[in-house]
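The lines below spell out each chain.
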Amino acid sequence: MTPLFDVHRDLGATFTDFAGRRMPLRYRSELAEHHAVRRAAGLFDLSHMGELEVTGADAGRFLDHALVGRLSTLPVGRARYTMLCHDNGGVLDDLVVYRLAELRYLVVANAANTTVVHVMLREHADGFGVDVRDASADWALIAVQGPAAAAMLDPGPLPYYGIRAFAVAGRDVLLARTGYTGEDGFEVYCRPADAVAVWRSLLDRGPSPAGLACRDTLRLEAGMALYGHELSVRVTPLQAGLERVVAFDKRDFVGAAALRRQRATGGFATLVGLVTGTRRAPRAGYPVLAEGTTVGAVTSGALSPTLGHPVAMAYVATGWSAPGTRLTVDVRGTGVDAHVVTLPFYSSQR
């Protein structure tokens, strides 16, 4: 359970087990919650996420080695999306890293991968003057996401992917302009003992409580990869269309040789967006075919509440990934026409 379990129960939430926690799946309906985030704002409990603190004289240099991005040049008060990879280039987890002070970083991991990230970072820390600590028990995390979020929070001059000290309900928090919905929004890091007061203060400002179900359709519309679906140790950042997060100009980092080799060789399956011509939504695991031959598989799919038609992400073989390419998705034995589109499906800027 998170510190907000009783609050969710009193709000009538339907719960699901997720990464060892009882998490709210929905309150009213996932469709209503999805639209609330797109049109105004939604309030999410994300306290299941993992937080690790990396501190010490070599903190920046260590993270440059352990992760695919360049974290040593990240200014204090800013964040960066990055990944922890295996030596073979496969993704062990995708992360958001905040630089809280010159020698202090906060690494936010997916809930189910927190232990893996902690163990691997500690293994890679040999020879560096750093301390890697699982600080998940020190933090609760609440997000306000949607076009009205800034007006509700009045955050002052906080840039996208910025973080700073803030106060909610008289409690000291860290306020980050980050999120996972494709909308402007904020993530509030607070002490677990303060979570109920912070949640109630934020809820009084007008956002709708929102559960994990609508969070999934929101991130799918925004073309955001989900670990366990689009990302895994069997997939590299290049295959996922995330080469931009890999700092290939670094001399060395974990997975560098494999990723450089893959980039030079090419010919790998890549992640694409698919739109179908029917109301039948492709789901994870459904085969993708071209000219009667299987060329890939769906990783995530749903009827898009915002767009009004099914959307999906899939890995397809080289040669079949260009926008406009006509494919077929096997939806429970029925071939459904689909075509490749450029991700994301939805952007708040368009």
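Report on the accompanying structure. (Residues numbered from 1 in each chain as written. Predicted model: local features only at pLDDT ≥ 70, side-chain atom pairs only at ≥ 80, totals over all residues. Heavy atoms only, no water.)

1. Here's the deal with the overall build of the protein chain
Helix and strand counts for the protein chain stand at eight helices and 19 strands. Relative to the compact-globule value of 20 Å for 350 residues, the protein chain shows a C-alpha radius of gyration of 20 Å, a close match. Here the protein chain holds 350 residues, and 55% of them are scored as buried. In the protein chain, 66% of the contacts between residues at least 6 apart in sequence involve partners at least 24 apart. (Helix = DSSP H or I, 4+ residues; strand = E, 2+ residues; numbered from the N terminus. Rg over C-alpha atoms; globule rule 2.2 N^0.38 Å. Buried < 20%, exposed > 50% of the residue type's maximum accessible area, 1.4 Å probe, protein only. Contact = heavy atoms within 4.5 Å.)

2. Concerning the pattern of salt bridges
Taken as a whole and assessed by the stated rule, the structure comprises 16 salt bridges. One salt bridge connects R26 with E30, and the closest N-O pair in it is separated by 2.7 Å. Salt bridges sharing common partners tie together E53, R104, R133 and D138. (Salt bridge = Lys/Arg side-chain N within 4 Å of Asp/Glu carboxyl O.)

3. Quick notes on the environment of W320
Counting through the fold element by element, W320 comes out in the loop between β17 (310-316) and β18 (326-331). By relative accessible area, W320 is classed as partly exposed at 24%. Separated by 109 residues in the primary sequence, W320 and G211 place their C-alpha atoms 35 Å from one another. For W320, the residues in contact, after removing those within four places along its chain, are A290, E291, V295, T325, L327 and V340.

4. Re the nonpolar core
V198 and L202 are the most contacted members of the largest nonpolar core, which has 26 residues in total. Going through the elements one at a time, α1 (5-10), β9 (140-145), α5 (149-153), β10 (163-168), β11 (171-176), β12 (185-190) and α6 (195-203) are the ones with two or more residues in this core. Considering every element that reaches this core, the biggest residue donor is α6, with four residues. Each residue touching L202, except ones within four places of it in the same chain, is listed here: L43, I142, V144, L153, V168, V188 and P207. (Core = buried A, V, L, I, M, F, W, Y, C linked by side-chain atoms within 4.5 Å.)

5. Brief notes about the packing of aromatic side chains
As enumerated under the stated definition, the model contains five aromatic pairs in all. The lysine or arginine in question, R191, covers the ring of W139, its NZ or CZ lying 4.2 Å from the ring centre. (Phe/Tyr/Trp six-rings, centres within 6.5 Å; stacked < 30°, edge-to-face > 60°. Lys NZ or Arg CZ within 6 Å of the ring centre and 35° of its normal.)

6. Some details on the side chain of H8
Structurally, H8 can be placed in helix α1. Here D45 takes part through its side chain, which lies 2.8 Å from a polar atom of the side chain of H8. Residues contacting H8, with those up to four places away along its chain left out, are T2, A13, F15, P24, Y27, D45 and W199. (Polar contact = N/O pair within 3.5 Å; in protein donor to acceptor, adjacent residues only side chain to side chain.)

Just geometry here; none of it tells us what the structure is for.
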